[in-house]
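What follows is the residue order along each chain.
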Amino acid sequence: MTAMTTGINYGSLMHQAMRGLIRTVLEDVQRDGLPGEHHFFITFDTGHPDVEIADWLSDRYPGEMTVVMQHWFDNLEVTDDGFAVTLNFGDAPERLYIPFDAVLTFVDPSVEFGLRFESMDGEGLEDGALVPTAQPVKEIKGRAKPKEPEASETERKDAEVVSLDTFRK
């Protein structure tokens, strides 16, 4: 009997597991809210065919965009394939849908946790497939975080779009 595959595709299996981890975390937040100081920087590919964002956002961020889920977000809905959330951009609430396959980085700086999905060629993966790196996000450890005033849950703050260059070595 001959084998149907040439080997175990660990990159694909890690991809599925890490996307599942993000889904589980967001499902917990959908159900219970953000605990303690937890917050997320989520970078995604704005050109992904299933991303749904306002035209002005895709025009302003044609390659990738990082959003922060922290003080104010609304209507978080998590599915098997992605999540939708309403964020506030300059007093203009905008609904975004981000498929998990479009996520490039997921960082929770409150606990120095992060996942980065990088494009890799070959080794059984389609060209440009995203696979998670196995390194923790340690580079944010020494970064001074500005103290933010306590905000009530009903207070609206603008959604933040940040550059992850801050976290790159």
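Cut-off values and rules
- Residues numbered from 1 in each chain as written.
- Predicted model: local features only at pLDDT ≥ 70, side-chain atom pairs only at ≥ 80, totals over all residues.
- Heavy atoms only, no water.
- Helix = DSSP H or I, 4+ residues; strand = E, 2+ residues; numbered from the N terminus.
- Buried < 20%, exposed > 50% of the residue type's maximum accessible area, 1.4 Å probe, protein only.
- Contact = heavy atoms within 4.5 Å.
- Areas by Shrake-Rupley, 256 points an atom, 1.4 Å probe, with all protein chains shown as cover.
- Core = buried A, V, L, I, M, F, W, Y, C linked by side-chain atoms within 4.5 Å.
- Pairing = 2+ DSSP bridges.
- Salt bridge = Lys/Arg side-chain N within 4 Å of Asp/Glu carboxyl O.
- Expected span 1.5 Å × (residues − 1).
- Polar contact = N/O pair within 3.5 Å; in protein donor to acceptor, adjacent residues only side chain to side chain.
- Axes fitted to C-alpha atoms, helices over the stretch in contact; angles between N-to-C directions.

Within the protein one finds two helices and eight strands. Helices and strands appear in the protein in the N-to-C order α-β-α-β-β-β-β-β-β-β. Counting only residues that meet the buried cut, the protein has 38% of its 169 residues in that class. Within the protein, contacts between residues at least 6 apart in sequence are counted, and of these 57% link residues at least 24 apart. Counting only carbon and sulfur atoms, one obtains 49% of the accessible surface of the protein, whose full area is about 10300 Å².

Let us now look at the nonpolar core. Of all hydrophobic cores here, the largest spans 28 residues; its most connected members are Phe44, Met69 and Phe83. Those elements giving two or more residues to this core turn out to be helix 1 (10-32), strand 1 (40-45), strand 2 (64-69), strand 3 (74-78), strand 4 (82-89), strand 5 (92-99), strand 6 (103-108) and strand 7 (113-122). Per-element tally for this core: the top contributor is strand 4, with four residues. Apart from the residues within four sequence positions on either side, Phe83 is in contact with Leu26, Ile42, Met69, Leu76, Glu77, Val78, Leu96, Tyr97, Ile98, Phe100 and Val103.

Across three bridges, strand 3 lies against strand 4 in antiparallel orientation. Along strand 4, the bridge assignment pairs Val78 with Phe83. Joining the antiparallel neighbours strand 3 and strand 4 is a turn of three residues.

Here we come to the pattern of salt bridges. The full count for this structure, using the stated rule, is four salt bridges. Arg23 serves as the salt-bridge partner of Glu27, at 3.9 Å between the closest nitrogen and oxygen. Remark: Arg23 and Glu27 occur in helix 1; sequence separation between them is four residues, near one turn of the helix. Arg31 is paired through a salt bridge with Asp28; the nearest N and O atoms lie 2.9 Å apart. Here the residue Arg31 and the residue Asp28 both occupy positions in helix 1, the gap between them amounting to three residues, near one helical turn. Arg31 gets classed as exposed once you look at its relative accessible area, which sits at 57%. Judged by relative accessible area, Asp28 falls into the partly exposed class, the value being 33%. Taken together, the salt bridges that share partners define one network made up of Asp28, Arg31 and Asp32.

Turning our eyes to something else, we now look at helix 1. Compared with an ideal rise of 1.5 Å per residue, which puts 23 residues at 33 Å, helix 1 spans 33 Å between its outermost C-alpha atoms and is within 8% of the ideal. If you check which residues of helix 1 are buried, you get Gly11, His15, Arg19, Gly20, Ile22, Leu26 and Val29. Looking at the residues trailing helix 1, positive phi occurs at Gly33, about 85°.

Here Thr105 shows up in strand 6. In this structure the side chain of Thr105 is engaged in a polar contact, spanning 2.9 Å, whose partner is the side chain of Thr43.

Judged by pairing direction, the sheet is antiparallel, and its three strands sit side by side in the order 3-4-5 without closing on themselves. Only two strands of the sheet have a single partner each, and these edge strands are strand 3 and strand 5. Geometrically, the sheet is characterised by an average inter-axis angle of 20° between neighbouring strands, direction not taken into account. Relative to strand 3, helix 1 is tilted by about 140°, and along the sheet it contacts strand 3 and strand 4.

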